[in-house]
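Residue strings, one per chain:
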Amino acid sequence: MRPDDANVAGNVHGGTILKMIEEAGAIISTRHCNSQNGERCVAALARVERTDFLSPMCIGEVAHVSAEITYTSKHSVEVQVNVMSENILTGTKKLTNKATLWYVPLSLKNVDKVLEVPPVVYSRQEQEEEGRKRYEAQKLERMETKWRNGDIVQPVLNPEPNTVSYSQSSLIHLVGPSDCTLHGFVHGGVTMKLMDEVAGIVAARHCKTNIVTASVDAINFHDKIRKGCVITISGRMTFTSNKSMEIEVLVDADPVVDNSQKRYRAASAFFTYVSLSQEGKSLPVPQLVPETEDEKKRFEEGKGRYLQMKAKRQGRAEPQP
Amino acid sequence: MRPDDANVAGNVHGGTILKMIEEAGAIISTRHCNSQNGERCVAALARVERTDFLSPMCIGEVAHVSAEITYTSKHSVEVQVNVMSENILTGTKKLTNKATLWYVPLSLKNVDKVLEVPPVVYSRQEQEEEGRKRYEAQKLERMETKWRNGDIVQPVLNPEPNTVSYSQSSLIHLVGPSDCTLHGFVHGGVTMKLMDEVAGIVAARHCKTNIVTASVDAINFHDKIRKGCVITISGRMTFTSNKSMEIEVLVDADPVVDNSQKRYRAASAFFTYVSLSQEGKSLPVPQLVPETEDEKKRFEEGKGRYLQMKAKRQGRAEPQP
Amino acid sequence: MRPDDANVAGNVHGGTILKMIEEAGAIISTRHCNSQNGERCVAALARVERTDFLSPMCIGEVAHVSAEITYTSKHSVEVQVNVMSENILTGTKKLTNKATLWYVPLSLKNVDKVLEVPPVVYSRQEQEEEGRKRYEAQKLERMETKWRNGDIVQPVLNPEPNTVSYSQSSLIHLVGPSDCTLHGFVHGGVTMKLMDEVAGIVAARHCKTNIVTASVDAINFHDKIRKGCVITISGRMTFTSNKSMEIEVLVDADPVVDNSQKRYRAASAFFTYVSLSQEGKSLPVPQLVPETEDEKKRFEEGKGRYLQMKAKRQGRAEPQP
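Residues numbered from 1 in each chain as written. Chains lettered and ligands numbered in written order. Predicted model: local features only at pLDDT ≥ 70, side-chain atom pairs only at ≥ 80, totals over all residues. Heavy atoms only, no water.

For chain A, the name recorded in an unreviewed UniProt entry is Cytosolic acyl coenzyme A thioester hydrolase isoform X3, with Vulpes vulpes as its organism.

See the structure below:
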């Protein structure tokens, strides 16, 4: 991990970790989908399940990313990725992150055509049945979120501190060759890194301290982003608990040089951030002041997600971030 | 020049060239200012004079950047930088860019303290007098523009094509270690590269073709941007001639983790872009439709700059971009 | 040199320097091979001779890289590259590195076809004869090493400190557009930078201190790595002297989307690292404990290389790293 991978306090950006996770997922699923003699394909990211950042990673540490295919349906691959941080000076290793990603194989000849996935071999019989359940559950959720199309973030003149308008931020990015696969669409990991960057700026503007990513809600990739697009990534705070902030991030793609195609929503997700003191302890967060009806509605929805997740965690007796 | 330095059509971004120019300027002026035994210092970019992009540079070409100190005042250094492109396959070399930059030496112990510059030795006596004139002229202009503080770009819902609102864009960037000198402030070249990126997106959104930077107006750096800031770079089209577009770019710095400091204007400039066909010929540009009083005023001011520059060029019998 | 070019202690990675050296070599040899009117070509790195890192380079210093063609055979070019570091604050300049590289011109129309090299003009007659000897010597060595195909590094559960298994490491990299020449194969310098990165992680894991590259054994590039490959770079410690560590690095390329091509060994080399105290003095190194027969054999071979190099140095009365 290098200086540019981290914030000023030396904590590696959650987005850097998400980008590595996705690279590992893309390699293993592309390799699997090409393992039989058939039409050549490349795996495109369709969805990342909710993931928690369990412990921070720092500059100078070595990241270990391991990936395994855990389920295949006819047209999709489920990949489980684990990230460990290793301090090579002390030898300490910590689990940083566990993530589940879904990929879809696209034909190299025609990236709009989805190919069939060779079946994976399971070591235990139950694995297939468990995978099928996860597959059905995410399929349902993807369809639901496809229509949950939040509107674009609108700026406001001279906003008051602690309001949504005060910290909302947006970023435009001209897609470059390094952002893309060889087949001309943006790596899912690149999009996630930009999403985390915007969410981090929103969180830092709100609480003016050192902030780190605590978790990311499931991210659905509704559509590919092609080379030559301009993408707009917008973030706004939706909810604050005592010690955490939820930020909604929207990704819109704009095919600037192609008049025939309209701007479209490519992805969206909720990021949860916490604020850290100089000693790395979590700090209280200034409470968000929702102003408009929409903001109040989004605050309540965020509270719902927060309480649901809290209940789940307590049920599993896992530590809270 | 690599794929990442260029747009989809293979033309190297003007911003990439500006960044190389500034890197050369910073090296030669830092070296000069430390050439006598005194307090150690680092040269900070204060101003770049208007510069034209004379011929395009392409992926695979080698850039040659040479810098020379042409004048020193008590507290500033003038550097002349030339950029040549070389096609190493054909051997062709072309002058791409000539630029004049002004640097100020800041003490390493206290970056708010400006040190004295060792005098340069002139080969011809007239050089000092000519340099002094350039120095006085730029000093005057810097003071004038310090107060030309354009307002922030405000978005508009569902803008019509060819209006200012339709193509205006803004980008936020969290300053990272690689953006900065060792002494904790952003390299002028990094800022210029981001400014060109935003201007390019505005131009591409307006005319939806391959666009390239034709020239950059003088850029004044009003204040240093420190590590840990978030910078907002906003661009809006101000004027179109038959075959060129002028885009105003504003840079604002926001010290997110430091409550005591307010957001401030760090730099601003006008970029001129042209639109190119697939064969590299310049294309007509859709005419800008100014709507508000401010937009109409800025259009007239842009027209003034355009006509003045055209007259100057014809006086010097130089080819138009 | 920027923060990302260096380790946490501020020493520039040997791999960053190797990458710059190769970039200079590729430019000068591509230019030379296209200097006559014939089929256009691009120079591909075939071999780097053993090179020592004579003095460390630090963040903020300026690197000067100069290259010269010193010999041409019918199908290859020998380039000598010197690297100087300059501290622009104090004016100090130091020789960092001298390296000799061999390039082969590949046709742009068909990168599997090697073209003829225009002869270089020698200023002294002996130069041609001396070059021919170097050419013959390296040719012989390249053929020998082509078959010295070390096996892949195998992980071991819960290894003991100071064993080979304890520090061995491997890295997977998906080749992207910026890693490649315009003609779709990976720059030799990119590969060397990754090799040094893995070697550095092995060395740091072994001795848990600040480590720097002292030298690199001759590197042979057996085969091009094409765009779209996944490369695996593996490193394992082979030998330790009192104050140095030798690490073997293997590069394997895996064409993930092309079933017809098998995984192949693309390059291999030995890196020597030393351990430095905070004051920059060289520290004793924990002794490596070879366990298996293969490890013991490799340890003896490493010792042989070490003693041979030591004898050579003492013969030339040059300082030891």
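Back to the text.
Within the largest apolar cluster, 73 residues are counted, with the highest numbers of intra-cluster contacts made by Met195(A), Ile219(A), Ile225(A), Ile233(A), Met245(A), Ile247(A) and Phe271(A). Looking at this core element by element, the count peaks at 11 residues for helix 4 (residues 188–207) of chain A. With sequence-adjacent residues up to four places away left out, Ile219(A) is seen in contact with Ala46(A), Arg47(A), Val48(A), Met192(A), Met195(A), Ala267(A), Ser268(A) and Ala269(A). Counting 72 residues, the second largest nonpolar core, distinct from the first, contains Val83(C), Tyr135(C), Leu171(C) and Cys229(C). (Core = buried A, V, L, I, M, F, W, Y, C linked by side-chain atoms within 4.5 Å. Buried < 20%, exposed > 50% of the residue type's maximum accessible area, 1.4 Å probe, protein only. Helix = DSSP H or I, 4+ residues; strand = E, 2+ residues; numbered from the N terminus. Contact = heavy atoms within 4.5 Å.)

Phi at Lys208(A) is positive, roughly 50°, even though this residue is not glycine. With respect to the element layout, Lys208(A) can be found in the loop between helix 4 and strand 7 (210–216). Phi at Asn162(C) is positive, roughly 70°, even though this residue is not glycine. Assignment of secondary structure puts Asn162(C) in the loop between helix 2 (126–145) and helix 3 (164–167).

All names here are of chain A. By the criterion of burial, strand 4 (residues 77–86) is predominantly enclosed, with seven of the 10 residues buried. Direction of pairing for strand 3 (residues 62–72) relative to strand 4: antiparallel, over a ladder of 10 bridges. Each residue of the ladder has a partner; that of Ala63, found in strand 4, is Ser85. Between the end of strand 4 and the start of strand 5 (residues 93–107), which pair antiparallel, lie six residues, with Gly91 showing a positive phi angle near 85°. (Pairing = 2+ DSSP bridges.)

Turning to the UniProt feature "domain: HotDog ACOT-type" (unreviewed entry) in chain A, a few remarks are in order. When the UniProt feature table is mapped onto this chain, "domain: HotDog ACOT-type" (unreviewed entry) is found at residues 1–109 and 165–279 of chain A. Helix makes up 18% of residues 1–109 of chain A and strand 42%. Its end C-alpha atoms lie 36 Å apart. (UniProt positions renumbered as here; feature names shortened; annotations may be inferred.)

Here the focus is helix 1 (residues 14–33) of chain B. Given a rise of 1.5 Å per residue, 20 residues ought to cover 28 Å, and the 28 Å separating the end C-alpha atoms of helix 1 of chain B matches this to within 8%. For helix 1 of chain B, a buried count of 16 out of 20 residues is recorded, marking the element as mostly surrounded by other parts of the structure. (Expected span 1.5 Å × (residues − 1).)

Moving on, we come to empty space enclosed by the protein. All names here are of chain B. Counted by the stated rule, this structure contains two cavities of 30 Å³ or more. Approximately 40 Å³ is the volume found for the largest cavity. The set of elements that each furnish at least two residues to the lining of the largest cavity consists of helix 1 and helix 4 (188–207). Residue contributions to the lining of the largest cavity peak at three residues, all from helix 1. (1 Å grid on protein atoms, 1.4 Å probe; cavity = no way out; pocket = protein on both sides within 12 Å on 5 of 7 lines; lining within 4 Å. Points joined across faces, edges and corners; volume = space filled by probe spheres on them.)

In this section: the side chain of Thr96(B). The residue Thr96(B) is located in strand 5 (residues 93–107) in this model. Residue classification places Thr96(B) among the buried positions, given a relative accessible area of 1%.

A few words now on the interface of chain A and chain B. With 30 residues of chain A at the interface, the matching set in chain B holds 29 residues. Here chain A packs against chain B, burying approximately 2,600 Å² in sum over the two surfaces, 62% of which is carbon and sulfur. For the interface between chain A and chain B, the tally reads two salt bridges. Applying the counting rule to chain A against chain B returns six residue pairs in polar contact (both at pLDDT 80 or more). Elements supplying a minimum of two residues to the side of chain A that touches chain B: strand 6 (169–174), helix 4 and strand 9 (230–240) of chain A. (Buried area = accessible area lost by both parts, 1.4 Å probe. Salt bridge = Lys/Arg side-chain N within 4 Å of Asp/Glu carboxyl O. Polar contact = N/O pair within 3.5 Å; in protein donor to acceptor, adjacent residues only side chain to side chain.)

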